[in-house]
Amino acid sequence: MADFMARLVIRNALFFGNGKASSLLVPWATFTDPEVAHVGEYEDDLKKRGVAYDIYKKSFNEVDRAILDSETSGYVRILTKAKSDKILGATIVGSHAGDMISEISVAMQYNIGLGSIASVIHPYPTQAEAIRQAGDLYNKTRLTPTVARLLRNLTAYRRS
């Protein structure tokens, strides 16, 4: 954190910037067993402010790498603005959580939505697949009944 604050001071002083430390997106991690990492807003804070949000949660017991490594306890939990893929906050509990939170931090910093994360090819098998799979959960919500019916009909037609 001190490194980024120093960079901010230098950028403001040398390049006439107006960045503020309060605008920094600061992820944190606790290196316990299991690790816990978080970035952005907390659900309680969103509730208190009356912000509508959706939750996308993927347990590590559904992630192939976690199963292979016998590290299935934990989850990835991502909060998005209601009916949107804008990420408001995320918590990861499990092995490598401190490493994995960076992907979500970058997405939040540069306004990359959860749906877009799902379209990024992740190395397989890795624990980070849980983040991509959470993005898949978001994308499934975009499948309206009409589109689902059209896809079923198309699939049935192609199979006949």
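Here we summarise the structure given alongside this text. Predicted model only: the values in this text are computed from it and were never measured.

**Focus on the nonpolar core**
Grouped burial of nonpolar side chains is what soluble globular proteins tend to show. F60, V76, I78, I87, I92 and I104 are the most contacted members of the largest nonpolar core, which totals 23 residues. Counting residues per element, the ones that place at least two in this core are β2 (36-40), β4 (75-81), β5 (87-93), α4 (97-109), α5 (114-118) and α6 (129-141). With residues up to four places along the chain from it excluded, the contact list for I92 reads E35, V36, A37, F60, Y75, V76, A97, M100, I101, I104 and I131.

**A look at the pairing of β4**
Both strand β3 (residues 53-59) and β4 contribute to a ladder of seven bridges, which runs antiparallel. In the sheet register, K57 faces β4, and the bridge partner there is R77. Bridge count for β4 against β5 is six bridges, and the pairing is antiparallel. If you follow V76 over to β5, its bridge partner there is I92.

**Describing the pattern of salt bridges**
All chains considered together, the criterion is met by seven salt bridges. In this structure, R77 engages E43 in a salt bridge whose closest nitrogen and oxygen atoms are separated by 2.4 Å. Linking R77 in strand β4 with E43 in helix α2 (residues 43-49), this pair joins segments that are 34 residues apart in sequence. Three or more residues joined by partner-sharing salt bridges are found here, namely E43, K47 and R77.

**Looking at the side chain of H122**
Counting through the fold element by element, H122 comes out in the loop between α5 and α6. Overall, H122 belongs to the buried group, its relative accessible area being 9%. Polar contacts involving the side chain of H122 include one to the side chain of E103, which spans 2.6 Å. A distance of 2.9 Å separates the side chain of H122 from the backbone oxygen of V120, its partner in a polar contact. Setting aside its immediate chain neighbours within four residues, H122 contacts E103, I117, A128, E129 and R132.

Criteria and cut-off values
Residues numbered from 1 in each chain as written. Predicted model: local features only at pLDDT ≥ 70, side-chain atom pairs only at ≥ 80, totals over all residues. Heavy atoms only, no water. Core = buried A, V, L, I, M, F, W, Y, C linked by side-chain atoms within 4.5 Å. Buried < 20%, exposed > 50% of the residue type's maximum accessible area, 1.4 Å probe, protein only. Helix = DSSP H or I, 4+ residues; strand = E, 2+ residues; numbered from the N terminus. Contact = heavy atoms within 4.5 Å. Pairing = 2+ DSSP bridges. Salt bridge = Lys/Arg side-chain N within 4 Å of Asp/Glu carboxyl O. Polar contact = N/O pair within 3.5 Å; in protein donor to acceptor, adjacent residues only side chain to side chain.

Keep in mind these values describe shape, not function.
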